[in-house]
Amino acid sequence: MLAIKPIEDKAVQEHFVTLCGGTYIESDFAYLANECEEDGKTVRFPIGVCQFSLKGDRGEFHDLRTCPGVEDEEGMMIMARAAMSFLFRCGIPTLTAAEGCADPALLKKLGFVAGEDGKQTFDLQKFYTSHHH
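The rules behind each value
- Residues numbered from 1 in each chain as written.
- Predicted model: local features only at pLDDT ≥ 70, side-chain atom pairs only at ≥ 80, totals over all residues.
- Heavy atoms only, no water.
- Helix = DSSP H or I, 4+ residues; strand = E, 2+ residues; numbered from the N terminus.
- Expected span 1.5 Å × (residues − 1).
- Buried < 20%, exposed > 50% of the residue type's maximum accessible area, 1.4 Å probe, protein only.
- Arc of directions from axis to C-beta.
- Contact = heavy atoms within 4.5 Å.
- Polar contact = N/O pair within 3.5 Å; in protein donor to acceptor, adjacent residues only side chain to side chain.
- Phe/Tyr/Trp six-rings, centres within 6.5 Å; stacked < 30°, edge-to-face > 60°.
- Pairing = 2+ DSSP bridges.
- Axes fitted to C-alpha atoms, helices over the stretch in contact; angles between N-to-C directions.
- Core = buried A, V, L, I, M, F, W, Y, C linked by side-chain atoms within 4.5 Å.

Peer 1: In this structure, what is going on with helix 2 (residues 73-89)? I would like to understand it.
Peer 2: An α-helical turn contains 3.6 residues, so a residue and the one three or four places further along point in the same direction. With 17 residues, helix 2 extends 24 Å from end C-alpha to end C-alpha; this agrees with the ideal 24 Å at 1.5 Å per step. Within helix 2, the full set of buried residues consists of G75, M76, M79, A80, A83, M84 and L87. Among the residues trailing helix 2, G91 stands out with phi positive, at a value near 90 degrees.

Peer 1: Even after reading the chapter, I still don't get helix 1 (residues 10-19), so can you show me in this structure?
Peer 2: Three or more residues of helix 1 are buried, namely Q13, F16 and V17. Buried residues of helix 1 fall within an arc of 100 degrees about the axis and therefore sit on the same side. Residues of helix 1 that are buried make contact with strand 2 (29-36), strand 3 (43-55) and strand 4 (58-66). Of the residues flanking the start of helix 1, the one acting as N-cap is D9, its side-chain oxygen 2.8 Å from the backbone nitrogen of A11. A positive phi of about 90 degrees marks G21, the residue just after helix 1.

Peer 1: Sorry, what's going on with the packing of aromatic side chains here?
Peer 2: To describe a pair of aromatic rings, one takes the distance between the centres and the angle between the planes. Under the definition given, this model contains 11 aromatic pairs. Taking the centre distance of 5.9 Å and the plane angle of 20 degrees together, the rings of F29 and F52 count as stacked. One end of the pair, F29, is in strand 2; the other, F52, is in strand 3, and 23 residues separate them in sequence. Judged by relative accessible area, F52 falls into the buried class, the value being 1%.

Peer 1: Where do I start with the sheet that holds strand 3 in this structure?
Peer 2: Picture the strands of a sheet paired through backbone hydrogen bonds; they go either parallel or antiparallel. Taken in spatial order, the seven strands of this open sheet run 1-2-3-4-5-7-6, and their pairing is mixed. The outermost strands of the open sheet, each flanked by one partner alone, are strand 1 (2-6) and strand 6 (113-114). In this sheet, strand 7 (residues 120-123) lies alongside strand 5 (residues 94-97) in antiparallel orientation, the contact comprising four bridges. Paired with T94 across the two strands is D123, which belongs to strand 7. Relative to strand 3, helix 1 is tilted by about 105 degrees, and along the sheet it contacts strand 2, strand 3 and strand 4.

Peer 1: What is the right way to look at the nonpolar core in this model?
Peer 2: The nonpolar side chains of soluble globular proteins are, as a tendency, buried together. Judged by nonpolar contacts, the single largest core of 35 residues is most densely connected at F61, L64, M84, L95, F112 and L124. For this core, the secondary structure elements donating two or more residues are helix 1, strand 2, strand 3, strand 4, helix 2, strand 5, helix 3 (104-110) and helix 4 (124-129). For F61, the residues in contact, after removing those within four places along its chain, are C50, Q51, F52, A80, A83, M84, L95, T96, A97, A98, C101 and F112.

Rendered as structure tokens:
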């Protein structure tokens, strides 16, 4: 069973971001995806981490990474959507992906496109207000 939760403890955030090959950013928010037992609480193994910021009217993914030896694209996509939903609910209309923050194929499947500045960009406003989302 997939369980995605915000990471509230900065030491835990640092551990998982580093474990997954990212660079810990203390001011960032983060979510952790775990494969759990059917009780939804007992962790079988961690899947990955999503570390992101919100500044002004923009959000940015800094790390969207799987744990070593884990391949779970669906879990990663669901975790990314959870972070995207959080950002949208905070009033953030646009999300960018920092260079090298994630597998480019995953970003493409999520719907990121190259913006005018060349950065991978996702229009949260359009996605969450369109009747096709």
